[in-house]
Each structure stands twice: as C-alpha cells, then as structure tokens.
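Reading the structure
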Amino acid sequence: MKKLRVLLVDDEIMIREGFKRLFDWEAHECEVVGEAADGMEALARMDALKPDIVIMDINIPIMNGLKVIQLGRIKHPEMAFVIVSGYDDFSYCREALRLQITDYILKPVNYEEFGACIDNLKISLFERRITKEPEEQEERTITLLTRYLQEHMAEELSLSVLAEQFYLNPQYISQLFKNEIGVGFLTYLTNIRMEKAKKLLLSKSYSIAEVAEQSGYGDYRVFTKVFKKTEGITPSQYRRDFLDGGER
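**A look at helix α2 (residues 39–49)**
Those residues of α2 that sit buried are G39, A42, L43 and M46. Along the axis of α2, the buried residues cluster in a sector spanning 100 degrees; they form a single face. The secondary structure elements touched by the buried residues of α2 are β1 (4–9), β2 (30–36), β3 (53–56), α3 (65–75) and β4 (80–85). Put simply, D38 is the residue that caps the front of α2, since its side-chain oxygen is 3.1 Å from the backbone nitrogen of M40.

**Observations regarding the pattern of salt bridges**
Per the stated rule, a full pass over the model turns up 14 salt bridges. A salt bridge links K3 to E26; its shortest N-O distance comes to 2.8 Å. In this pair, K3 is assigned in the segment before β1 and E26 in the loop between α1 (13–22) and β2, connecting sequence segments 23 residues apart. The class of K3 is partly exposed, set by a relative accessible area of 33%. The exposure class of E26 is exposed, given its relative accessible area of 53%. Across the pair E41 and R45 runs a salt bridge, and its minimum N-O distance is 3.6 Å. Of this pair, E41 and R45 both sit in helix α2, 4 residues apart, roughly one helical turn.

**A word on the sheet that holds β3**
Within the open sheet, the 5 strands sit side by side as β2-β1-β3-β4-β5. Their pairing is parallel. Bordering the open sheet on either side are β2 and β5 (103–106), each of which pairs with just one other strand. Ignoring which end each strand starts from, the neighbouring axes of this sheet average 20 degrees apart. One ladder, built from 4 bridges, connects β4 with β5; its direction is parallel. Across the sheet, I83 pairs through a bridge with Y104, a residue of β5. The sheet contacts of α1 involve β1, β2, β3 and β4, and relative to β2 the element is tilted by about 170 degrees. Running at roughly 140 degrees to β2, α2 makes contact with β1, β2, β3 and β4 of the sheet.

How each quantity is defined
Residues numbered from 1 in each chain as written. Predicted model: local features only at pLDDT ≥ 70, side-chain atom pairs only at ≥ 80, totals over all residues. Heavy atoms only, no water. Buried < 20%, exposed > 50% of the residue type's maximum accessible area, 1.4 Å probe, protein only. Helix = DSSP H or I, 4+ residues; strand = E, 2+ residues; numbered from the N terminus. Arc of directions from axis to C-beta. Contact = heavy atoms within 4.5 Å. Polar contact = N/O pair within 3.5 Å; in protein donor to acceptor, adjacent residues only side chain to side chain. Salt bridge = Lys/Arg side-chain N within 4 Å of Asp/Glu carboxyl O. Pairing = 2+ DSSP bridges. Axes fitted to C-alpha atoms, helices over the stretch in contact; angles between N-to-C directions.

Below, the structure is given as structure tokens:
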C-alpha cells in the first residue's frame, strides 16, 4: 500500500509542528506533504499537492474551514477531510456530518485517538476504491475477504474462520489486511461493526441489545464497552445526540 499524502491546515504553527513531531506518520503509512495557515492557501495547496487527507481546523483566517471543505469537495471529491478544532459545538458536528467529514477531533489532540481516526480513514478509502475498480478486478482475495466480513458481520468472525472459509493461512490473511488496507484484521472488523451499529442506532426500531447482536456482539455490555472506546460516547448517548439534537 502506498503512503497516504497529508496536508495540515491550521493558523497556529505550533499545532502544525505538534502534528508533524508528535504523531508517528510513518507507522500509519502516511507522509505530510504540505501545510497551510489560512483558507485560501489551503485551497491552493489542495490543488497543487492533491493530498489524500486534509487535516483541517475550523477557525482559520480568510475563509472558514468548513467553507474550504465545501469548495474543496467540488474539485476534489475523493479527498478525505478530518476536522481538528477547539469548538465542542453540536452545530459544527452536524455541519461536518453533512459535508461527510471522516472525523471531528477536539483540541488538545489525543494522538492515540487521532491514530484510530487515520486507521478508520484508510478503511474508508479502501472501501471506496474497491467499489470503483473494474469488474475483472473484483475477485481479488482481499475483496472476497472483506465482502465476506460485510455479509456475515453478525456472526462469529476471526482469522481462523476466514482461513477455514477460504482455505488460506491465517498469518497470510493477517498480512494481506496490512498490505492492502494498511490496518490489521481486528481494526478493520471493529470499524465495519461500529459503522453498522451507528446506522442501526439512528433508528429507534432497535434496542441497544438488538443493535449489538446485529453488529456481531452477543453481549451488549461488551458492545457498549467497544463502542465507547472507539466513538468516545456510549451507544445510548450517540442515539440521543443524533436523534434528539443534543450536544456531544
């Protein structure tokens, strides 16, 4: 897997330097290819550098970060955006969701949380890529494996289960996920289960226990623990925030 190119956008140089020095981009198979300190510069750098990922503050000079993203998406629909902001305001989160932002992270940045965000983003980029591949490429092993996981999400899943199903070595499968997607098998599985859970939580038709079961967790308490660890809030809080318009 080629390294993902990253553009940092923040008017505070110390924030940009912190990102470059305190986060292990190499370990996450990424490289910082440029920086910008205001909205207009950000749009110009996006055009010139064509990064895969843009790390964007909201409160930047000349042009608001959300406006930059809105304009950037017109010319670069494949670009992924992560907002890193000091604004803990639900209206900003809602607008970010409307713009299909990958994640919304609050300052000061927790770099462990940010690393999980980058891993989830790599999964999203992989899923987007395989849906656009020509038909003759769709039967690649990694595509078959990820499709199986998507279709059997509510069942017990492991490297051993995949190995038995596809007559492959578990270690080979594990390495394949790392090479093709850039994340481990468990990270990928947890990500797709959490995405499934979030969609189900937006419907009041399902109880938390039913959401847990359909997402592959037989014990709703384990589901709640994993959900809170990955999303920062409990499933009940997530449902309340997004259905009732509460603040996160």
